[in-house]
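Listed below are the residues making up each chain.
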Amino acid sequence: MSQEPQKTSIFKVIGASSLGTLIEWYDFYIFGSLATIIGAQLFPADAGASALINTLAIFAAGFIVRPFGALVFGRLGDLIGRKYTFLLTLVLMGGSTFLIGLIPSYSSIGYAAPILVLILRLVQGLALGGEYGGAATYVAEHAPDNKRGFFTSWIQTTATGGLFLSLGIIVLTKNIMGAEDFADWGWRIPFLLSILLVGVSIYIRMKMHESPMFTKLKTEGNVSKNPLKESFSRKANFKMVLLALFGATMGQGVIWYTGQFYAQSFLENTCKLDFNDSRYILLWGIAFATPFFVVFGSWSDKVGRKWIMLTGMLLGIIFYRPIYQIFLDDTDVSKVSTEQVLKSEQPVVKRISADATTDVLYTTSTRITLISGMSYTKVQTATKYESGSPDTLVTTYKDKVLAAPVFWKFVALIFFQILLVTMVYGPIAAFLVELFPTKIRYTSMSLPYHVGNGVFGGLVPFIATLIASFSGSTPLSGLWYPIGIAALSFIIGAVYLSNKKPDHGEVE
Amino acid sequence: MNVLKKALGLLWIVLGPTSIIFMFIQAFEKIGLAPEGVAKTNTALQWGIILFIFIPISTGLVVFGYYAFKGEYDKLPED
């Protein structure tokens, strides 16, 4: 068998693997980031039908198809090899993303539009389920034993990098084109751009060789005959799959999603920050924190993976509520006094009357700038009833733009949350790879990873909203889900995980 | 430590079915509260998917607890 893999520079291996995985994450995230516009363009105006298709696209792609993709492609990767499997996932992901950008609008082709979106979104979920395990395994199997954490941590930067790239390209395209053109057709550009990125990545990956450990296994005729059976029906391996899920990836998943998705959603929907402000805060936080994936991955080679990951979870458990309380307090403008107001623009009044009655709805929007530098829109909605019932007046605040010192304070708080993400996520690829033997590694590590991230992490917004619907809940109540899951994972990890690398009796 | 691992195993065995019962109660409550029509179907679909995926995960937690109780994690490959 060729010895070429050993000659291949490890940095080429890392570069080829990371670029492809980064593009896969980019593809997966642009759909989520543009979901509202996609809904308006490709889904029926009927809110009910639209919500139904959206549920299938979001829930099915994230929670069912992703773990299913992990099993399908994990099995394939353990049977035919890592290189061709994660090449296939890249083609599937890039192709489906590009095609989403080409789907005609609902007004042109009717229900075919949302059905095509749904199918392509499911293919995206399937491909993502297969990609990560392949890339992590491929890099880890090229890496020397004492630098596995450092080398695989580059793969770990790609999920956050993909989010950064998707947010950056969306904000850039929208700012260049203007909001109206972007909503009309410009939203397709980030999707179409994917084909170029994927094309480059496929070209690079095609030139790579199969992982040396898998090649050795194949040469010796020791490739698994049935990776699924060996992974999940043999107690010695299945117990490690369960330990990886409950003691590591479950907690890691909620820390990841809270720091990078729930935080942005909270700033935008609960604190009512301006669209750009909430995204810029996240972009700065990500930019400052991303290098720490490599720092913690590398450090885990020296001190072990376990306690770095568990410390990240513990800090999340302790600090999430105080951080989000600061977000709420610093954006609360309901108690602003007239002395604090620098400028109040001319109010814009809109009058809407109901068809069947003479009930009238007035909305008065006033843009207010404070001496501190913060600005926001105050919206007063008054209803005057035909029946003579007392008028109702509801005041809300939106489009808040923070003063510079508060903006950077929020960047620091987001940075801290993403720093926790780098602690739990930086070492986890090396941790998962080392937990399982080469012959069933792709299958065994992919499932706990995607259940931990796709299911436990992906459910953060849904369960947080569910908790917020309980009586007596506050805007911070939703945080009990990530805190509770991280606490459970921390206890299981602290008690059952070992800080040493497992020895599978393999000669590398 | 091994005694703690085994004792906690019992807790995981109990936690698995408890979490599923809690989810079923929530599912029935939320589906019941949803307005008739597509909104109800949508809520039922969401909860159906969640239960579909969480039943095997909770079963996994019970198996994990059983393994812990039987001392399977007293000695790991790295020890």
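Residues numbered from 1 in each chain as written. Chains lettered and ligands numbered in written order. Predicted model: local features only at pLDDT ≥ 70, side-chain atom pairs only at ≥ 80, totals over all residues.

Time to look at the overall build of chain A. The helix and strand tally for chain A stands at 21 helices and 5 strands. The C-alpha extent of chain A, read off along each of the three principal axes, is 85 × 50 × 40 Å. Buried residues in chain A amount to 49% of all 508 residues. Contacts in chain A between residues far apart in sequence, at least 24 positions, make up 82% of those at least 6 positions apart. (Helix = DSSP H or I, 4+ residues; strand = E, 2+ residues; numbered from the N terminus. Buried ≥ 20, exposed ≤ 12 C-beta atoms within 10 Å, placed from the backbone. Contact = placed C-beta atoms within 7 Å.)

What chain B contains, in helices and strands, is 2 helices and 0 strands. The C-alpha radius of gyration computed for chain B amounts to 18 Å, which surpasses the reference 12 Å derived for 79 residues by more than 25%, pointing to a less compact arrangement than a globule. The dimensions of chain B, computed from C-alpha atoms along their principal axes, are 55 × 20 × 15 Å. Across the 79 residues of chain B, 20% fall into the buried class. Summarising the internal contacts of chain B: among those between residues at least 6 apart in sequence, 80% fall at separations of at least 24. (Rg over C-alpha atoms; globule rule 2.2 N^0.38 Å.)

A few words now on the domain arrangement of chain A. Residue and element names in this part refer to chain A. Domain boundaries assigned for chain A yield domain 1 (4–331 + 404–496) and domain 2 (338–401). The centre of domain 1, based on its C-alpha atoms, is set 40 Å off from the matching centre of domain 2. Taken together, the contact pairs 8 residues of domain 1 with 7 residues of domain 2. Partitioning the side of domain 1 that touches domain 2 into residue classes produces 4 nonpolar, 1 polar and 3 charged. (Domains from an automatic or database assignment. Nonpolar A, V, L, I, M, F, W, Y, C, P; charged D, E, K, R; others polar.)

Chain-level pLDDT for chain B is 88 on average; 96% of the residues reach the 70-or-more range. Per the prediction output, this complex has pTM 0.88; the corresponding ipTM is 0.91. (pLDDT = per-residue confidence, 0-100.)

Right, let's talk about the packing of helix α7 (residues 112–140) of chain A against helix α18 (residues 428–435) of chain A for a bit. How two helices sit against one another is set out by the angle between their axes and by the gap between those axes. All names here are of chain A. At a minimum axis distance of 10 Å, the contact between α7 and α18 shows a crossing angle of 80 degrees. Classified by the angle their axes make, α7 and α18 are roughly perpendicular. Contacts between α7 and α18 involve Ala 136, Thr 137 and Ala 140 on the former and, on the latter, Ala 429, Ala 430, Leu 432 and Val 433. For the contact of α7 with α18, the residue count by class is 6 nonpolar, 1 polar and no charged. (Axes fitted to C-alpha atoms, helices over the stretch in contact; angles between N-to-C directions. Parallel < 35°, antiparallel > 145°, perpendicular 65-115°, else oblique.)

Another point: the UniProt feature "transmembrane region" (unreviewed entry) in chain B. Residue and element names in this part refer to chain B. In the numbering adopted here, UniProt assigns the feature "transmembrane region" (unreviewed entry) to residues 7–25 and 45–69. Secondary structure content for residues 7–25 is 100% helix and 0% strand, while the C-alpha to C-alpha distance between its ends is 28 Å. Summarising residues 45–69: 100% helix, 0% strand, and an end-to-end C-alpha distance of 36 Å. (UniProt positions renumbered as here; feature names shortened; annotations may be inferred.)

Residues and elements named next belong to chain A. A small share of strand β2 (residues 348–353) lies buried, amounting to 0 of its 6 residues. In this structure, β2 lies alongside strand β3 (residues 360–370), joined through 6 bridges in antiparallel fashion. For Ile 352, the partnering residue across the bridge sits in β3 and is Leu 361. (Pairing = 2+ DSSP bridges.)

The next thing to look at is the nonpolar core. Residues and elements named next belong to chain A. Membership of the largest hydrophobic core comes to 144 residues, with the highest contact counts inside it found for Ala 136, Val 139, Val 424 and Leu 432. Take this core: its biggest share by element is 17 residues, from helix α13 (residues 235–270). Not counting residues within four places of it along the chain, the set of residues in contact with Ala 136 comprises Thr 152, Ile 155, Ala 429, Leu 432 and Val 433. (Core = buried A, V, L, I, M, F, W, Y, C linked by C-beta atoms within 7 Å.)

Time to look at the confidence of the model for chain A. Residue and element names in this part refer to chain A. For chain A, the average pLDDT comes to 88, and 93% of its residues sit at 70 or higher. Ranking the helices and strands of chain A by mean pLDDT puts helix α16 (residues 306–330) first, with 97, and helix α1 (residues 4–7) last, with 47. Contacts from residues 1–5, a stretch scored under 50 in pLDDT, to residues over four places away or in other chains number 8 contacts.

What follows is about the environment of Ile 57 of chain B. Residue and element names in this part refer to chain B. By the element assignment, Ile 57 lies in helix α2 (residues 38–69). A tally of 18 C-beta atoms within 10 Å means that Ile 57 is categorised as partly exposed. Remark: the alpha-carbon pair of Ile 57 and Ile 20, spanning 37 residues in sequence, is separated by 9.6 Å.

Below, the discussion takes up the environment of Val 349 of chain A. Checked against the element boundaries, Val 349 of chain A lands in strand β2. Val 349 of chain A has contacts with Tyr 362 and Thr 364 of chain A, leaving out every residue within four places of it along the chain.

Below, the discussion takes up the pairing of strand β4 (residues 375–384) of chain A. Residues and elements named next belong to chain A. As defined by bridge partners, β3 adjoins β4 across 10 bridges and the pair is classed as antiparallel. For Tyr 362, the partnering residue across the bridge sits in β4 and is Ala 382. Counted between consecutive antiparallel strands, the loop separating β3 from β4 contains 4 residues, among which Gly 373 sits at a positive phi close to 110 degrees. When β4 meets strand β5 (residues 392–401), the two strands line up antiparallel, connected through 8 bridges. Paired with Thr 381 across the bridge in β5 is Val 394.

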